[in-house]
Amino acid sequence: MRLLVVEDEPDLNRQLVEALVDAGYAVDKALDGEEGHFLGDTEPYDAVVLDLGLPRMDGISVLEQWRRNHRDMPVLILTARDRWSDKVAGMDAGADDYVAKPFHMEEVLARLRALLRRSAGHASSEIEVGPLRLDTKASRVTLDGGAVKLTSHEFRLLSYLVHHCGRVVSRTELIEHLYDQDFDRDSNTVEVFIGRLRKKLPQGMIKTVRGLGYCLTEPDGDGSK
Ligand code: CA
């Protein structure tokens, strides 16, 4: 999952980015509204953390323009604690949720997890695909109850596939949603990680759809690939 943080206070921006990277997300950052608007308008983020009080372009305008442009990723706004009117304006402009400053990082992380799984159509914090279970809260994957050991890159890839299980996901989509802006995007990397994941999962769970991409499904009952 790839996220964007738009926050003009450098310390807070850094803290948010660090916490999100630690939680396993690919993260891009912007320090003013214009840059944030541009990134959100041109890059495919799974969710955005958007401060409302921003230089160059305020957060409400950023959000309104995204929505007008049919950019429909979930947006979590950061509001000042005592400004209830900001929350109303933000939600009306198209925000999906808000956190009031000062906040506990855990709350931001929990609200983002909820937004990410709901936008992918999952209500529960644990997503099951056959014997595979992704605990989005603990960032853990189990197979028939046993823990699956994954590197952070493998986890990020599998988590994306699980959130979008049953749907064909192209290699380009994976690259765009698994790596931040500065990452050297070599498409072979995805194939390497898919290969590693396949060795850790039951046969046939990650299908290759020729020319289109990959699809995570329940393991085959008939043994075919
Ligand atoms: Ca601010």
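Everything discussed here concerns the structure shown above.
Before going into details, it helps to say that this report is about the structure given with it. Numbers given for residues are sequential positions, taken from 1 along each chain in its written order. Local features in a predicted model are, by the rule used here, given only for residues with pLDDT of at least 70; side-chain atom pairs are given and counted only at 80 or more, and totals for whole chains, interfaces and linings are based on all residues. To obtain the side-chain values, all non-hydrogen atoms of the structure were included, while hydrogens and water were left out.

## Quick notes on the coordination of the calcium ion
- Counted as coordinating are nitrogen, oxygen and sulfur atoms within 2.8 Å of the metal, or 3.2 Å for Na, K and Ca, while water is not included, which may make sites look incomplete. With distances of 2.2 to 2.3 Å, the protein atoms coordinating the calcium ion are Asp8 (OD), Asp51 (OD) and Gly53 (O).
- Sequence spacing among the residues donating to the calcium ion works out to D-x42-D-x1-G. Placement of Asp8 in the loop between strand 1 (2-6) and helix 1 (10-22) and of Gly53 in the loop between strand 3 (47-51) and helix 3 (59-68) is noted, with a sequence separation of 45 residues between them.
- Judged by its relative accessible area of 26%, Asp8 is partly exposed. Where helices and strands are cited, they refer to DSSP runs of H or I of at least four residues and of E of at least two residues respectively, numbered from the N terminus. Three exposure classes are used, based on accessible area relative to the maximum for each residue type with a 1.4 Å probe and protein chains only: buried under 20%, partly exposed in between, and exposed over 50%.

## Looking at the side chain of His177
- Structurally, His177 is set in helix 7 (residues 171-178).
- Relative accessible area serves as the criterion here: at 10%, His177 is assigned to the buried category.

## Quick word on the environment of Gly121
- If you trace the backbone, Gly121 turns up in the loop between helix 5 (105-119) and strand 6 (126-129).
- By relative accessible area, Gly121 is classed as exposed at 62%.
- Note: C-alpha distance between Gly121 and His163 (42 residues apart in sequence) is 8.1 Å.

## Looking at the layout of surface pockets
- Volume-wise, the largest pocket comes out at about 190 Å³.
- Lining the largest pocket are 14 residues, and of these Ala23, Tyr25, Thr136, Ser139 and Phe155 lie nearest its centre.
- Of all elements in the fold, only helix 5 and helix 6 (152-163) reach the threshold of two or more residues within the lining of the largest pocket.
- Per element, the largest residue contribution to the lining of the largest pocket is 4 residues, and it comes from helix 6.
- Asp, Glu, Lys and Arg are counted as charged, while Ala, Val, Leu, Ile, Met, Phe, Trp, Tyr, Cys and Pro are counted as nonpolar; the rest, among them Gly, fall into the polar class. Classifying every residue of the lining of the largest pocket by side-chain character gives 6 nonpolar, 5 polar and 3 charged.
- The domain boundaries here were taken from an automatic or database domain assignment. The residue makeup of the lining of the largest pocket includes at least three contributed by each of domain 1 (2-119) and domain 2 (126-216).
- Cavity means a closed set of points on a 1 Å grid over the protein atoms alone, one where a 1.4 Å probe fits but cannot get out, pocket means an open set with protein on both sides within 12 Å along at least 5 of 7 lines, and lining means a residue has an atom within 4 Å of a point. Grid points are joined across faces, edges and corners, and a volume is the space filled by probe spheres set on the points. Taken as a whole, the second largest pocket encloses approximately 160 Å³ of empty space.
- Lining of the second largest pocket is provided by Glu43, Pro44, Tyr45, Arg71, Asp72, Met73, Pro74, Ser119 and His177.
- Grouping the constituent residues of the lining of the second largest pocket by class yields 4 nonpolar, 2 polar and 3 charged.

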